[in-house]
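A closer look at the structure
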Amino acid sequence: MTAKEYVIEYLSGEGYRYEENPNSGNIVFKFEGVKYVFINNSGSQLLQLVILFYDVTEDNRYAVLEICNKINSEKAMVKLTCDDDTVWCNWEDIVPEQGYNLGRIEMALNMLKNAYQTFYEAIGE
């Protein structure tokens, strides 16, 4: 199985609704009120889940970068990046063709949620 197939199996098994972008193959779904994206452009065995969640401006860029750096140094397996105008929270795993533990996906979702909540606490919003 591919990472995408594992994600679909997990979401279907847990009763989550999701949408698949027909052009990119990305999958968008909500978990506990937060929108997550499975990125389908990094190889069939790479499971990449992200949250795009905070607007970056010239006024807040330095503070955002400092917070992302601090969280990255404290958290394992979850990394925050700041692109031109958005903060991304990212989790990745390499999946085998058989026998992937779908419980890792829920673990990932909880780790991502915790990281973005930590970001909001640090930014003071």
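Everything discussed here concerns the structure shown above.
Residues numbered from 1 in each chain as written. Predicted model: local features only at pLDDT ≥ 70, side-chain atom pairs only at ≥ 80, totals over all residues. Heavy atoms only, no water.

**A few points about the packing of aromatic side chains**
For the structure on display, the rule yields 12 aromatic pairs. Where tyrosine 6 meets tyrosine 100, the ring centres are 5.2 Å apart and the plane angle is 50 degrees; that geometry is what we call tilted. With tyrosine 6 in helix α1 (residues 3-14) and tyrosine 100 in the loop between β6 (86-94) and α3 (103-123), this residue pair connects regions lying 94 residues apart in the sequence. Taken individually, tyrosine 6 and tyrosine 100 each receive the classification buried, so the pair is uniform in this respect. Between phenylalanine 53 and tyrosine 116, the aromatic rings sit 5.7 Å apart at their centres with planes inclined by 55 degrees, giving tilted as the arrangement. Of this pair, phenylalanine 53 sits in strand β4 (residues 46-55) while tyrosine 116 sits in helix α3, placing them 63 residues apart in sequence. (Phe/Tyr/Trp six-rings, centres within 6.5 Å; stacked < 30°, edge-to-face > 60°. Helix = DSSP H or I, 4+ residues; strand = E, 2+ residues; numbered from the N terminus. Buried < 20%, exposed > 50% of the residue type's maximum accessible area, 1.4 Å probe, protein only.)

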